[in-house]
Amino acid sequence: MELRLLGPVEVWNGGRQVAVGGAKPRALLAALLLEAGRVVTRERLVEAIWEDDPPTTARGVVQSYVASLRRAFAGAALPDIIVSHRLGYLVQIAPGVLDKEVFERLVTEGRQAARNGGHREAGQTFRTALGLWRGEALGGIGTSYLHAEAVRLGELKMAVTEERITADLAAGDDDQLIDELIELVALHPGRERLRRDLMVALYRVGRQADALAVYQQGRQVLIEELGVEPGLELRQAQEAILRSDPALKNPAKPVARMPRQLPRPVPDFTGRQQELAALRERLTRPAATPICVISGQGGIGKSALALRTAHEIAQFYPDGQLHVELRGSTPAPASPEETLGRLLRELEPAGTQLPLTLEERISRYRTLLADQRKLVVLDDAASEAQIRPLLPGGSSSGVIVTSRNRLSGLAGAALLDLGMLPPQAAIDLLTQIAGRERIAADPGAAQSIADQCGHLPLALRIAGARLASRRQWSARRLADRLADEQHRLDELAAGDQQVRASIALSYAMLPPTAKTVLRRLGLLGLPSFPVWVAATAVETGLRQSEQLLEQLVEASLIEEVDAGTTGQSRYRLHDLIRLFAAERARAEESAHELTAMVARVLSSWLWLVKRLSEAVPATAIFKPACRGLALPVADEVARSALADPHAWFRREEESLIVGVELAAALDLDWLAVEIACTVSAVYEGSQYLFDDPFAAWQRMHQAALVVARRTDNVLAEAALLAGLGHLYYARDAFVESRQYLTQALSLFRAAKDTGGQAATLAALGASCREQGYLAEALHFLTLAEDLCGDLADVAASAHVKRLAGTVHLERGHYSAAWADLTAALTLYQEADDDRGVGLTLRSMSLYRRARKEYAKAEELSEQALEIFRRNGDQLLMAYCERALAKARIRLGKHDVARKPLEEVLVVMRALQDRWGEACTLRTPGELDLAEGRLYQAKSHLQEALQRWETLRVGPFSARTQRDLALVYQALGDDTTADALLATARQTFRLHGCREYDELSL
């Protein structure tokens, strides 16, 4: 089997070509062969085939092309070389099968022969390599990155042609080269190396005038087309011809020294394919200024990537590769004078005296590199000032720089800020080091190890090495050891490799104030944070803090994350840097200083939360008494947060949870309690505020509850238990809700806290109402109403009145229901509580519908809907839409009822409101029944009944059973209908619902 890329993309079996399809399948095959042995992602394959305009079915088409290629190989009795991978595909081929690999191997052998003085052997090897070419690489496929690769290969072919001619000249084959060189120079007038070789060949056969004419023609081309004079090598050739230099006649003239200083590349290099491709493209692009800076935190793999890149592109720099360790992360970085001295000793003949001054060394260094294609790797740079003197003067040589600092001031450089390994690449690296069997035995443990290492290559290498050296350890054992954050950095050490030591090098170079910021941010442990948090932590202004954070960004110790629509920067620490910084905080600062810092930050957060809670609806009638803990933040910070309170809460969700947990750990009990309770009050009014509201609420309350109990803070414990009761109520877990609320009530009574008792009694009344315990609900609400009177809290009284009115309505006590609802509406209006007014209007619409006053019910539902629409309350808009639909069903307006119900069901499911979902499923069933769509009605109602039975809500199950009975009656199944009605009637009687009397008439 032969696979050919050096020309049209072809597959051959013996002397017969295998048909592999059109341009797109050949593009796919080319993309796989160019990365032979490595996985090519589906996205990369789509880009290779369609560039920036793939069809919507691209992934499926890629699969079909792979299948067609496999069929073609199978039809030609060739092995299936395409292997599927969860990320894409790869090809596995034997050595010598792919012409590109054979070409590159022959080029390497030819260069080695030339270095050893075997010029004739080198020339023949180069000719063999060039003989593999059949035309333009890849056959001119497309305009995607494959085209760039084809250009790269074409440039390599031209470079090898030049090297072959140089080898032939050195072997003395002058007269045989002239015709070929004349043609090549005509085709490539700007390639000075070809022109120089033509001049030498002409001179050697006695055509000195022609040789000088070739120089003049070249000079004219360079001046007219590029505006530059010929390079040093071409000028030296002209001068040598003019003075009839005997060296020109000597084919055995020694070649210039070609340093090969690249260290051995990392053998288990993993991932980084996109970064590798970008560097390769930049450093081999014609007519570019190839300077690339790879930055990132210590241990991220900068040097490994730089060396891998350097080795892969070495053939593009035939005049040698230089590698210098600049010691930028040490207390004594290499000076430019020292580095240039080392470079000049490598580049110049032994015994050459070095220039004394920096300027002279720079000048000689750049002269030596002029017109040379050398690759310079500058590893571990400290700053731009250390790098600038080491840059070549022209664009023929390439430079790769690695640094922990970003070096953004290095003009003309391509900056690559290296991030963590992707999840799969992290597992792959761990697998290569620890062994496939060890990792495959427990993939879950391997994933935990990768996550605990933060996908940092250095940490992964250390973890893998520890597993490899301890055969008795399982991956799970190491994962369990790494799970302890307090000792994780101790575990991530193997031999002379230590994550802690790597981070310490960067930390040591920071100025004192930047060290303080990093330490305190590490102790706070926030997933991300804005500038004002850092400012509060170190008690500085916003501008000064931003400058300090930017210093940490430049040092690759923190990273800036997307600021979103706010336009304000946010930052985060890698987990291992966070652990290191927290260690240093505890070692270098007193516990008193750190606790005061945490209290300062959390008090500012509390102030913001309280301000924002005023801007979003809240339903809680109890809030812990203010203890003066809140500290104001800067006006611009407050304005930004108040511009979009919902977005602010969503952005800060995880940080608020971490803040409460930290406050609890430091026994800042009231800070933890006030933040948790204030946030939960906001949540009750806007359940869709957080990405995962129940988990967020529960984590905050449980953390605060632990510290409240540890510090014997009874009132705080009561407030938090009440909050957990509200949490479970919101999750429709009414039994658990009443358990927490009952515990809270006892503690509020012990603490003689009237407001807490009133709020908890009202919540108990609501929880009892939902499950149909109507008598108990009225009992609790009556007690709550008495306490609210003592509090003189209008909004609280309105809340209790509305709840009581809905309970009376459930029991069929219409006069009492209307009296309570009317009173609630008046009180809410007096309190200027728009949300409460909307809730009461909706409850009144339910009353009107129960009294068969459907037009009034419709009108009240529309009024309530308008209020919630104005307030942007998505959940209560959905409840009002459903109430409005039910009124319209009763009015016979079926055509306008169905579509809103479909939208309401989507909202209920999106917000995980199981109660609302069950209610909404029942309503389309009622609509189907009214329209005579009996089987659809049956389906909707049975699904609703399943939901109600899961929630253990008797009255609503009974109402759904009553509706189902009507369906079965219409279907002629009176037996089932009678059984359902009997069960419903019994449930209504048990709970004291108004429907019992209605069914008994």
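Residues numbered from 1 in each chain as written. Predicted model: local features only at pLDDT ≥ 70, side-chain atom pairs only at ≥ 80, totals over all residues. Heavy atoms only, no water.

For the chain, the name recorded in an unreviewed UniProt entry is SARP family transcriptional regulator, with Planobispora siamensis as its organism. As its UniProt record puts it under Sequence similarities (unreviewed entry), the chain is described as follows: "Belongs to the AfsR/DnrI/RedD regulatory family." (UniProt positions renumbered as here; feature names shortened; annotations may be inferred.)

**Q** An account of the overall build of the chain is needed here, citing residue identities and associated values.
**A** Secondary structure summary: the chain contains 46 helices and 16 strands in total. In terms of overall size, the chain is more extended than a compact globule, its C-alpha atoms giving a radius of gyration of 39 Å where 1001 residues would be expected to give roughly 30 Å. Looking at the chain as a whole, 55% of its 1001 residues qualify as buried. The contacts of the chain with a sequence gap of at least 6 include a subset with a gap of at least 24, amounting to 68%. Carbon and sulfur atoms make up 50% of the accessible area of the chain, which totals about 42000 Å². For the chain, the distance from the average position of its 119 positive side-chain charges to the average position of its 129 negative side-chain charges is 3 Å. (Helix = DSSP H or I, 4+ residues; strand = E, 2+ residues; numbered from the N terminus. Rg over C-alpha atoms; globule rule 2.2 N^0.38 Å. Buried < 20%, exposed > 50% of the residue type's maximum accessible area, 1.4 Å probe, protein only. Contact = heavy atoms within 4.5 Å. Areas by Shrake-Rupley, 256 points an atom, 1.4 Å probe, with all protein chains shown as cover. Lys, Arg positive; Asp, Glu negative; His and termini not counted. Charge placed at Lys NZ, Arg CZ, Asp CG, Glu CD.)

**Q** Tell me what's going on with the UniProt feature "DNA-binding region" (unreviewed entry) in the chain, and back it up with residues and numbers.
**A** In the numbering adopted here, UniProt assigns the feature "DNA-binding region" (unreviewed entry) to residues 1-93. Between the end C-alpha atoms of residues 1-93 the distance is 10 Å, and the span holds 42% helix and 22% strand.

**Q** I'd love a proper account of the packing of helix H4 (residues 99-115) against helix H5 (residues 119-130), names of residues and values included.
**A** Between H4 and H5, whose axes approach to 8 Å, the crossing angle comes to 165 degrees. As far as their axial angle goes, H5 and H4 are roughly antiparallel. For the element pair H4 and H5, the recorded crossing hand is left-handed. Contacts between H4 and H5 involve Phe103, Leu106, Val107, Glu109, Gly110, Arg111, Ala113 and Ala114 from the former and His119, Glu121, Ala122, Thr125, Phe126, Thr128, Ala129 and Leu130 from the latter. Split into classes, the residues belonging to the contact of H4 with H5 amount to nine nonpolar, four polar and three charged. (Axes fitted to C-alpha atoms, helices over the stretch in contact; angles between N-to-C directions. Parallel < 35°, antiparallel > 145°, perpendicular 65-115°, else oblique. Left-handed = near helix turned anticlockwise from the far one by under 90°. Nonpolar A, V, L, I, M, F, W, Y, C, P; charged D, E, K, R; others polar.)

**Q** How would you summarise the pattern of salt bridges if you had to cite specific residues and measurements?
**A** Enumeration according to the criterion identifies 78 salt bridges in this entry. The salt bridge involving glutamate 661 is made with arginine 699; its shortest N-O contact spans 3.2 Å. One end of the pair, glutamate 661, is in helix H29 (residues 645-665); the other, arginine 699, is in helix H31 (residues 693-710), with 38 residues separating them in the sequence. Judged by relative accessible area, glutamate 661 falls into the partly exposed class, the value being 31%. By relative accessible area, arginine 699 is classed as partly exposed at 33%. In this structure, the salt-bridge partner of lysine 893 is glutamate 858, at a minimum N-O distance of 3.0 Å. Here glutamate 858 lies in helix H39 (residues 854-871) and lysine 893 lies in the loop between helix H40 (874-890) and helix H41 (898-910), a separation of 35 residues in the sequence. (Salt bridge = Lys/Arg side-chain N within 4 Å of Asp/Glu carboxyl O.)

**Q** Residues and numbers for the state of the cysteines, please.
**A** Scanning the model with the defined rule gives zero disulfides in all. Cysteine 788 takes part in no disulfide bond, and the closest cysteine sulfur, belonging to cysteine 768, lies 17 Å away. Judged by relative accessible area, which is 1%, cysteine 788 ranks as buried. (Disulfide = S-S within 2.5 Å.)

**Q** How would you explain the sheet that holds strand S14 (residues 529-530) if you had to name every residue and give the values?
**A** Ordered by their spatial adjacency, three strands build an open sheet running S14-S16-S15, and the pairing between neighbours is antiparallel. The sheet terminates laterally at S14 and strand S15 (559-561), the two strands that pair on one side only. Note that S15 and strand S16 (residues 570-572) share three bridges and pair antiparallel. Note on S16: the bridge partner recorded for valine 561 is arginine 570. (Pairing = 2+ DSSP bridges.)

**Q** Could you give me a rundown of the side chain of serine 403, with the residues and numbers involved?
**A** Within the element layout of this structure, serine 403 appears in strand S10 (residues 398-403). Within the structure, serine 403 has its side chain in polar contact with the backbone nitrogen of asparagine 405 (distance 3.0 Å). Among all residues touching serine 403, those that are not within four sequence positions of it are Ile294, Ser295, Gly296, Lys302 and Ala381. (Polar contact = N/O pair within 3.5 Å; in protein donor to acceptor, adjacent residues only side chain to side chain.)

**Q** Before we move on, could you go through the side chain of arginine 280 and cite the residues and values that matter?
**A** Turning to its location among the elements, arginine 280 is positioned in helix H11 (residues 273-284). Sequence-distant contacts of arginine 280, defined by excluding residues within four places in its chain, comprise Glu35, Arg38, Arg152, Thr309, Glu312 and Ile313.

**Q** So, helix H38 (residues 834-850): which residues are in play, and what are the values?
**A** Residues spaced three or four apart along an α-helix point in a common direction, a consequence of the helix completing one turn every 3.6 residues. The terminal C-alpha atoms of H38, which comprises 17 residues, lie 25 Å apart, in line with the 24 Å expected from a rise of 1.5 Å per residue. With a side-chain oxygen lying 3.3 Å from the backbone nitrogen of arginine 835, the N-terminal cap of H38 falls on aspartate 833. (Expected span 1.5 Å × (residues − 1).)

**Q** Any chance you could break down the packing of aromatic side chains for me, citing the residues and the numbers?
**A** The tally for this structure, following the rule as stated, stands at 13 aromatic pairs. For the ring pair tyrosine 728 and tyrosine 740, a centre distance of 5.4 Å and an interplane angle of 15 degrees mean the geometry is stacked. Residue tyrosine 728 is located in helix H32 (residues 714-730), and its partner tyrosine 740 is located in helix H33 (residues 734-750); the two are separated by twelve residues in the primary sequence. Aromatic pair tryptophan 915 and phenylalanine 956: ring centres 4.9 Å apart, planes at 70 degrees, arrangement edge-to-face. You can see tryptophan 915 sitting in helix H42 (residues 914-930) and its partner phenylalanine 956 sitting in helix H44 (residues 954-971), a full 41 residues away along the chain. On the accessibility criterion, tryptophan 915 (9% relative accessible area) is buried. Phenylalanine 956 gets classed as buried once you look at its relative accessible area, which sits at 15%. In textbook terms, an aromatic cluster arises when at least three aromatic residues are bridged by ring pairs, as seen for Tyr729, Phe734, Trp915, Trp948 and Phe956. Taking NZ or CZ as reference, arginine 44 lies 3.7 Å from the ring centre of tyrosine 145, over its face. (Phe/Tyr/Trp six-rings, centres within 6.5 Å; stacked < 30°, edge-to-face > 60°. Lys NZ or Arg CZ within 6 Å of the ring centre and 35° of its normal.)

**Q** Now, about the environment of methionine 700: what can you tell me, with residues and values included?
**A** By secondary structure assignment, the location of methionine 700 is in helix H31. The exposure class of methionine 700 is buried, given its relative accessible area of 1%. Spatially, the C-alpha atom of methionine 700 lies 9.1 Å from that of valine 679, the residues being 21 residues apart in sequence. Sequence-distant contacts of methionine 700, that is, excluding residues within four places in its chain, are made with Leu656, Ile657, Val660, Ala676 and Val679.

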